[in-house]
Amino acid sequence: MTTIDLDLPWDNTFTAELPADPVEGSALRQVPEAAFSRVEPTAVADPHLIAWSPEMAELLGLSPEQVTSPEMVEALAGNRLLPGMDTFAMNYGGHQFGNWAGQLGDGRAIALGELVTPDGSHQMIQLKGAGPTPYSRRADGRAVLRSSVREFLCSEAMHFLGVPTTRALSLVRTGDDVVRDMFYDGNAAPEPGAIVARVAPSFIRFGTFELPASRGEGATLKALADYTIRHHFSDLPNALNPDRDTYLAWFERVCETTATMIVDWMRVGFVHGVMNTDNLSIHGITIDYGPYGWLEDFDPGWTPNTTDAHMKRYQYGNQPGIAQWNLVRLANAIYPLVDDVEPLQGVLDAFAAAFLDQNRIAFARKLGIAEPVEADDELIESLNGVLQLAETDMPIFYRRLSEVDLTALREDEIPTPLLEAYYQPDQLTTSVVGAVNLWLERYRDRVDAQPDRELMNSVNPKYVLRNYIAQVAIDAAAEGDYAVLSEVYDVLRRPYDEQPGMEKWAERRPEWARTRPGCSMLSCSS
Ligand code: AMP
Ligand code: MG
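Everything numeric here is computed off the predicted structure, so don't read it as measured data. (Residues numbered from 1 in each chain as written. Chains lettered and ligands numbered in written order. Predicted model: local features only at pLDDT ≥ 70, side-chain atom pairs only at ≥ 80, totals over all residues. Heavy atoms only, no water.)

Visitor: Whenever I open this one, the side chain of Ser523 confuses me. Can you help?
Guide: Mapped onto the secondary structure, Ser523 falls in the segment after helix H17 (483-492). From its side chain, Ser523 meets the backbone oxygen of Met182 in a polar contact 2.7 Å long. One polar contact links the side chain of Ser523 to the main-chain amide nitrogen of Ser525, over a distance of 3.2 Å. Excluding anything up to four places from it in sequence, Ser523 contacts Met182, Tyr184, Pro291 and Thr306. (Helix = DSSP H or I, 4+ residues; strand = E, 2+ residues; numbered from the N terminus. Polar contact = N/O pair within 3.5 Å; in protein donor to acceptor, adjacent residues only side chain to side chain. Contact = heavy atoms within 4.5 Å.)

Visitor: Hey, could you run me through the coordination of the magnesium ion (ligand 2) in this one?
Guide: Put simply, the ideal angle at a metal is 109.5 degrees for four donors in tetrahedral geometry and 90 or 180 degrees for six donors in octahedral geometry. Looking at the metal site, the magnesium ion (ligand 2) is ligated by Asn279 (OD1) and Asp288 (OD), spaced 2.0 to 2.2 Å from it. Comparing Asn279 with Asp288 shows no difference in burial state: the two are buried. (Donors = N, O, S within 2.8 Å, 3.2 Å for Na, K, Ca; no water. Buried < 20%, exposed > 50% of the residue type's maximum accessible area, 1.4 Å probe, protein only.)

Visitor: Which parts of the structure should I look at to understand the packing of helix H8 (residues 244-268) against helix H10 (residues 341-366)?
Guide: In a packed pair of helices, the relevant descriptors are the angle between the two axes and the axis-to-axis distance. One way to put it is that H8 packs onto H10 with a least axis distance of 9 Å and a crossing angle of 30°. By the angle between their axes, H8 is roughly parallel relative to H10. Here H8 and H10 pass one another in a crossing that is right-handed. In this structure, H8 contributes Arg244, Leu248, Phe251, Glu252, Cys255, Glu256, Ala259, Thr260, Ile262, Val263, Met266 and Arg267 to the contact, and H10 contributes Pro343, Leu344, Val347, Leu348, Phe351, Phe355, Gln358, Asn359, Ala362, Phe363 and Lys366. (Axes fitted to C-alpha atoms, helices over the stretch in contact; angles between N-to-C directions. Parallel < 35°, antiparallel > 145°, perpendicular 65-115°, else oblique. Left-handed = near helix turned anticlockwise from the far one by under 90°.)

Visitor: Where do I start with helix H7 (residues 218-232) in this structure?
Guide: Turn by turn, an α-helix covers 3.6 residues, leaving residues three or four places apart pointing in a common direction. With 15 residues, H7 extends 21 Å between its outermost C-alpha atoms, agreeing within 8% with the 21 Å of an ideal straight helix rising 1.5 Å per residue. The complete set of buried residues in H7 reads Thr220, Leu221, Leu224, Ala225, Asp226, Tyr227, Thr228 and Ile229. Buried residues along H7 sit against helix H1 (13-17), strand E6 (109-116), helix H6 (206-214), H8 and helix H9 (319-338). (Expected span 1.5 Å × (residues − 1).)

Visitor: Which parts of the structure should I look at to understand the site of ligand 1?
Guide: Near ligand 1, the surroundings consist of 16 residues, among which Gly105, Gly107, Arg137, Gly141 and Asn279 are the closest. Residue Arg108 places a side-chain N or O atom 3.3 Å away from a nitrogen atom belonging to ligand 1. One nitrogen or oxygen atom from the side chain of Arg137 is found 2.7 Å from an oxygen atom belonging to ligand 1. With the chains in place, 80% of the 480 Å² that ligand 1 exposes on its own is no longer accessible. Of the residues in the shell around ligand 1, the class split is 2 nonpolar, 6 polar and 8 charged. Residues lining the shell around ligand 1 come from more than one domain, with at least three contributed by each of domain 1 (13-203) and domain 2 (207-365). (Near = heavy atom within 4 Å. Areas by Shrake-Rupley, 256 points an atom, 1.4 Å probe, with all protein chains shown as cover. Nonpolar A, V, L, I, M, F, W, Y, C, P; charged D, E, K, R; others polar. Domains from an automatic or database assignment.)

None of this, on its own, says anything about what the molecule does.
Okay, structure coming up:
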């Protein structure tokens, strides 16, 4: 019997170059003047690999045989350390729901190290749900199957939608139960546990800089900023020896990539649900898939997160403004490195303008307009209004819009392809039908009845991870049936293709899912 070769090219720059917590182990503590604490995953009972990403494996230079080998599955469950790994939990703080929360850190994520990929990049691999760390506060360091399925599926789906995101290499069922009070109503119950191996260039967040700044730890702040720029923004001027202009250029880049990410969220109808500053990546990639959701009915006021049901701070329509609010927190954190308010403010102002420009381009493309002008804002905005007149499915409306014959509009009828987007036919009153057609006429005039349909189908996904779809996959997985998970995962890897035979995954949310937990609203319990 040959054993599989798992001698992998690890190169752990984060732990080699940044200040470490001198204490080891998982005892809860405040950790001053350190970027991370060394801690090892806690072993689980009986790990099974239930899903993995072939694309991610390839990018990491791992063969299918390597990923699925018993030794690797043990490593991906935290039961075995491979030579060259240097495991740790990251230290960071954050603003949660608008309030400074102090030190948070990786309470259940443990990084294994950085793999050097065949293309020469460094990718950090991190286990989410790997056991207690110094940052676990009152919680257990574990993750349940349902939230792990959601993270695995959604992060990969986002990648294939073209939205910047952390990735997932694997989903392992642990064989242990995890107790959760899913509805926060005093009824805690055991659920199957799981671990996702996440992958990203780094898991550095806005809150990574806020924490040392809040404590007046100038040297740690500078070490973190310089490390981040040196390794991840190395094309900036003086990246190896940053000065004030380097920090400003860096902040500008973070504003740009964050704007791009938010535009993509808006375009595909993604609602993150917990845009706390500890959940915003310095790379402008989507991170921390918790109580996220997808807009089905187009309602800018919708939030999937039950914890946020009253304030609705993180509702769909607020995401651009919240991103900017978070960037202001980041600007405050790195202020000591720049020591001048005005240029930071200038960059922030540019963010707002850049967002509007990018957003116009993205939404015009959804309408098949390749070269938008400022006046198109009106057309885009008025569609947002029309979509709220009746309960209208956002993905279906945009996807099917490309099938409408704009030369054959009728005042008293919704064009057949669009009918499928409406949840409640009795809402289609004469005035609603009239308003939809009025908008379609304006649209027809703008595009000369010939929108770029290929363009539309390349930005309006047919398949997104509808909230209920994730739940259907979870329900089956909980019973040990992974066929749905695997089918859904396959479908989501080609979200812009028609995929004949798979149409059921592109349909309107079924009525039973309207109020079922997990299908409409989610708690943070995960
Ligand atoms: P989130 O809102 O999921 O990003 O989590 C906020 C903070 O709570 C982070 O510091 C997490 O690491 C921590 N956290 C969430 N769930 C757990 C858990 N089960 N055990 C330990 N820490 C957790
Ligand atoms: Mg988080």
